[in-house]
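Understanding the architecture of this molecule
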There are 2 protein chains.
Amino acid sequence: MQGPVEPAFLLVRPQMGENVGAAARAMWNFGLSRMRLVDPRDGWPNPRAVAMASGAGRVLDAAQVFPDLAGAAGDCTYVYATTARPRDLTKTVFSPEAAARDMVRRIGEGERVAVMFGPERAGLENEDVAQANAIITVDVNPEFPSLNLAQCVLLVAYEWRRATHETPALQEVMAGTQKASVLEVDHLARHFEERLEEAGFFFPDHKAESMKLSLRNLWSRMPLTGQDVQTLHGMLRQMVRWARKRPE
Amino acid sequence: MQGPVEPAFLLVRPQMGENVGAAARAMWNFGLSRMRLVDPRDGWPNPRAVAMASGAGRVLDAAQVFPDLAGAAGDCTYVYATTARPRDLTKTVFSPEAAARDMVRRIGEGERVAVMFGPERAGLENEDVAQANAIITVDVNPEFPSLNLAQCVLLVAYEWRRATHETPALQEVMAGTQKASVLEVDHLARHFEERLEEAGFFFPDHKAESMKLSLRNLWSRMPLTGQDVQTLHGMLRQMVRWARKRPE
């Protein structure tokens, strides 16, 4: 049987409704919507969760509530427990990135996976962690390791999206124009060189050649668009027009 | 001149003190502490920021305040602007991961870098973004792209730590014990086979061989530690003791 195409996020004994709402937002920011709640302290539904989730209410609407962890994770074949501190348990520990890749692989093979997040104050109990198949730990500043619930949800959800959506690490956004061609840049360089010559810019004579070379290099070094080149031609033409209008 | 070894995070016109405090926590979670504030709406210092930052107060104590962006970024040689939506500006766009790697490289070459984060409600103005050298955009769910200020700070700080700290993607935590050797597992398999034989487990006879093979395979498939092996031997010995004590 093919399972769901994304992990369930299990919030174990969450305390404040606001944090459940913030976790729902963090999930939905990265396209995840399968939330399960284990014994939420303030009951369910929770109006404070709804108020905080604004825009991600659909995650809360679809959330399932269970009295205990065994019920919430009962249909899953692989469960990750998020923990901040090391536990005295023999277990595989994943970084969030490696865990996300592992989830993608398992889900692709038809497994049903879940990620457990502990209550705000103290995190998961050892008894909870012992029920998981593996651990996810975020490498944080050892002087200040306290990630809150929604932050932890955000980082795992972020890595899930990174593992499932190929997006370019770097792109050049051209705002409706193309990069200038070598020919366009060459015309621009000549235009400036000619008018600057006329304006007496290349002075003294014995430095003129090296000044021209530097200027050539400056144009080539800039990541100019076709539009930039037109703008620079226009600026120069206007300066020339202005210069020629001045009384002799 | 060698610059600072980490980027400055510039919060541009932040509105609520709570969010400045949450941003300070997110930075310090990943070891970053150079915060600069541009024209914070509610003035500075801000008691609500201090209350929210608990544990990361040192980031706020060291924060510098500037009346405008030019002042805050004035000493930097490369500035990234975080934006959620595309802008009509020709500019390089980095993922947070690629941006962090780019920061590491630039800082290694002596550059002074900064990351700009916009106000909570609407993000950076186009005028702010035009002053940056490049853009950082987080790939989010297009149906719900609203990351809040502290979340955006958290993700960039997380990627900074990933780019600067090599941590294993996956590790096996052994809780004071070693993986069992093949010999240990073989002894365990024989022990169980012998006692189960005695108990009449391998029945009927014509299935005994395949049952033994399956059981062998089960032990080999388990990621057993030396301690696990001892525990299983002990369980079996006790079952045998109990069985032999029973009245014939």
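Residues numbered from 1 in each chain as written. Chains lettered and ligands numbered in written order. Predicted model: local features only at pLDDT ≥ 70, side-chain atom pairs only at ≥ 80, totals over all residues. Heavy atoms only, no water.

Regarding the nonpolar core
Ranked by internal contacts, the top residues of the largest apolar core, which has 84 residues, are Met35 and Tyr80 of chain A together with Met35 and Tyr80 of chain B. If we skip the residues at most four places from it in the chain, Met35 of chain B touches Phe9, Leu11, Val20, Ala23, Ala24, Met27, Val59, Leu60, Ala62, Ala63 and Gln64 of chain B. (Core = buried A, V, L, I, M, F, W, Y, C linked by side-chain atoms within 4.5 Å. Buried < 20%, exposed > 50% of the residue type's maximum accessible area, 1.4 Å probe, protein only. Contact = heavy atoms within 4.5 Å.)

Thoughts on the domain arrangement of chain A
Here the domain parsing of chain A yields domain 1 (8-164) and domain 2 (182-245). Computed over C-alpha atoms, the centres of domain 1 of chain A and domain 2 of chain A are 59 Å apart. (Domains from an automatic or database assignment.)

Observations concerning the confidence of the model for chain A
For chain A, the average pLDDT comes to 91, and 97% of its residues sit at 70 or higher. Scored by ipTM, the complex comes to 0.86, with pTM at 0.86. (pLDDT = per-residue confidence, 0-100.)

Some thoughts on the sheet that holds strand β4 (residues 78-82) of chain B
Here we have eight strands laid out as an open sheet, ordered β8(A)-β5(B)-β7(B)-β4(B)-β6(B)-β1(B)-β2(B)-β3(B), and mixed in their pairing. Sheet topology places β8 (170-173) of chain A together with β3 (64-66) of chain B at the edges, where each strand pairs with a single neighbour. Shown here is a sheet whose adjacent strand axes are inclined to one another by a mean of 25°, direction ignored. The sheet contact formed by strand β5 (residues 91-94) of chain B and strand β7 (residues 134-136) of chain B spans three bridges and is parallel. Residue Thr92 of chain B lies in a different strand from β7 of chain B, and its bridge partner there is Ala134 of chain B. Those strands touched by helix α5 (residues 96-108) of chain B are β4, β5, β6 (113-117) and β7 of chain B, and its axis lies near 165° from that of β4 of chain B. (Pairing = 2+ DSSP bridges. Helix = DSSP H or I, 4+ residues; strand = E, 2+ residues; numbered from the N terminus. Axes fitted to C-alpha atoms, helices over the stretch in contact; angles between N-to-C directions.)

Topic: the pattern of salt bridges
As a working rule, side chains carrying opposite charge can pair if their charged atoms are close by. Considering all chains together, one arrives at 44 salt bridges over all chains under this definition. Here Asp75 of chain A makes a salt bridge to Arg112 of chain A, at a shortest N to O gap of 3.1 Å. Here Asp75 of chain A, found in the loop between α4 (69-72) and β4 (78-82), pairs with Arg112 of chain A, found in the loop between α5 (96-108) and β6 (113-117); they are 37 residues apart in sequence, far enough to count as distant. A salt bridge links Arg216 of chain A to Asp186 of chain A; the shortest N-O distance between them is 2.7 Å. On the criterion of sequence distance, the pair formed by Arg216 of chain A in helix α9 (residues 205-221) and Asp186 of chain A in helix α8 (residues 182-198) is long-range, its members being 30 residues apart. For Asp186 of chain A, a relative accessible area of 21% puts it in the partly exposed group. Connected through salt bridges with shared partners, the residues Glu97, Arg101, Glu159 and Arg162 of chain A together with Glu97, Arg101, Glu159 and Arg162 of chain B form a single ionic network. (Salt bridge = Lys/Arg side-chain N within 4 Å of Asp/Glu carboxyl O.)

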